[in-house]
Amino acid sequence: MNHRIPELLKPAVKYVVLVLAVVLIALGLWQGEAGEVLQKAVHICLECIGVG
Amino acid sequence: MKESKRNWIQAAAALLQNAHISGFVTGEISTGAGKQVCVPGLNCYSCPGAVGACPIGSLQAVLSGGRRGFSYYVTGMILLFGVLFGRLICGFLCPFGFLQDLLYKNHTRKKTVPPRIDRPARYLKYAVLLILVVALPLLARGPYGVGEPWFCKYLCPAGTLEGGIPLILANPGLRAMVGFLFSWKMAILIAILVLSVLLYRPFCKYLCPLGAAYGLLNKCSFYRMSVDKSRCTRCGACERSCKMGVKVLKNINSAECIRCGACKSACPTGAIHSGFLKPEEKRQKAT
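The shown structure was predicted, so the numbers you read here are calculated from the model rather than taken from an experiment. (Residues numbered from 1 in each chain as written. Chains lettered and ligands numbered in written order. Predicted model: local features only at pLDDT ≥ 70, side-chain atom pairs only at ≥ 80, totals over all residues.)

**Points about the overall build of chain A**
- Helix and strand counts for chain A come out as three helices and zero strands.
- In chain A, the succession of α and β elements from N to C terminus is α-α-α. (Helix = DSSP H or I, 4+ residues; strand = E, 2+ residues; numbered from the N terminus.)

What follows is the structure in structure tokens.
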């Protein structure tokens, strides 16, 4: 069975992914994930720099 | 586009993503609100200069935090960057990619990895993304229900170079904490830097999880490369010029293409196009 995306639908994929990305970002913002990222990013991550 | 012009764009992007210059002197990182937004490239948020958050570090931070099984925000950011630009980010905006480009300019005799090793090794970066960035931070939890950022902790050379070395030099408190883990990470960093002199972008080709994610989106991204078959003479100059080993004529939007434009510059007939518009739309606009 051929599972490849039909030629006609190919151009639509990028728009679907774009909309999905925007929806995910909006959902994440609504759930307060940006604050979580900020909390982690404003403190030195000891594991990331190799001393944690 | 000339290689030197691309290098200037890379330098500007690295500076913009690390514009908190005073941090390198004080040994402290930026605490600005900009850090809730992910930058497109692999740029450690514990770098004293970083003004934004690393997408891979942020993804692991949310997944290992014990509160969520999925990160909508960071996944959305990676998808957004990827679907707009694909691996153009690797070629133009990633500071660690830029460093590897600079090291490769050294006039040492270059090496090539035999295809029987190179081809399977290219899949390693997908394993790094799935295992070290997603699965282990999410599933390997400590006694308090919190996981670890496995990729950052055990593999990421950008964190050691951009965060570890400057912070340890400027901060005596951190210097006292240096142990085996730092030695391990320094060994990885040195190995990758040495390899970068001999091979073109070894970290991007084989290990970078962000490059893996953007590579998967290369095929459907808005920014694309294309070959005008009516102009192409199949001379092969494009494939000979590609340092990422992309089969340009067969699969120009391959997951390995970092959109550096070397093939476009090498093409004697101007058959290779890149941009947000399809070549035929571009020609119509020009006339």
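**Here we look at the overall build of chain B**
- Looking only at helices and strands, one finds 17 helices and two strands in chain B.
- In terms of C-alpha radius of gyration, chain B reaches 20 Å, essentially the compact-globule figure of 19 Å for 287 residues.
- Its C-alpha atoms give chain B principal-axis dimensions of about 60 × 40 × 40 Å.
- A burial count over chain B gives 51% of its 287 residues as buried. (Rg over C-alpha atoms; globule rule 2.2 N^0.38 Å. Buried ≥ 20, exposed ≤ 12 C-beta atoms within 10 Å, placed from the backbone.)

**Focus on the interface of chain A and chain B**
- Tallying the contact residues gives 29 residues for chain A and 43 residues for chain B.
- Where the side of chain A that touches chain B is concerned, the elements lending two or more residues are helix 1 (10-30), helix 2 (33-41) and helix 3 (46-49) of chain A.
- Of the residues forming the side of chain A that touches chain B, the biggest block, eleven residues, is contributed by helix 1 of chain A.
- Residues of the side of chain A that touches chain B, tallied by class, amount to 19 nonpolar, five polar and five charged. (Contact = placed C-beta atoms within 7 Å. Nonpolar A, V, L, I, M, F, W, Y, C, P; charged D, E, K, R; others polar.)

**Brief notes about the nonpolar core**
- Val37(A), Leu42(B), Val74(B), Met77(B), Ile89(B), Val133(B) and Phe151(B) are the most contacted members of the largest nonpolar core, which totals 96 residues.
- Ranked by residue count, the leading element in this core is helix 4 (residues 72-85) of chain B, at nine residues.
- Once residues within four sequence positions are removed from consideration, Val74(B) is found in contact with Val37(A), Cys38(B), Pro55(B), Ser58(B), Leu59(B) and Val62(B). (Core = buried A, V, L, I, M, F, W, Y, C linked by C-beta atoms within 7 Å.)

**A word on unusual backbone geometry**
All names here are of chain B.
- The phi dihedral of Arg234 is positive, around 55°, even though this residue is not glycine.
- With respect to the helices, strands and loops of the structure, Arg234 is situated in the loop between strand 1 (224-227) and helix 15 (237-241).
- The exposed category is assigned to Arg234, around which 11 C-beta atoms lie within 10 Å.
- Within the chain, Arg259 stands out as a residue other than glycine whose phi angle is a positive 55°.
- Residue position: Arg259 is located in the loop between helix 15 and helix 16 (262-266).

**Observations regarding helix 14 (residues 209-218) of chain B**
- Where burial is concerned, most of helix 14 of chain B is hidden: nine out of the ten residues are buried.
- Within the span of helix 14 of chain B, buried status applies to Pro209(B), Leu210(B), Gly211(B), Ala212(B), Ala213(B), Tyr214(B), Gly215(B), Leu217(B) and Asn218(B).

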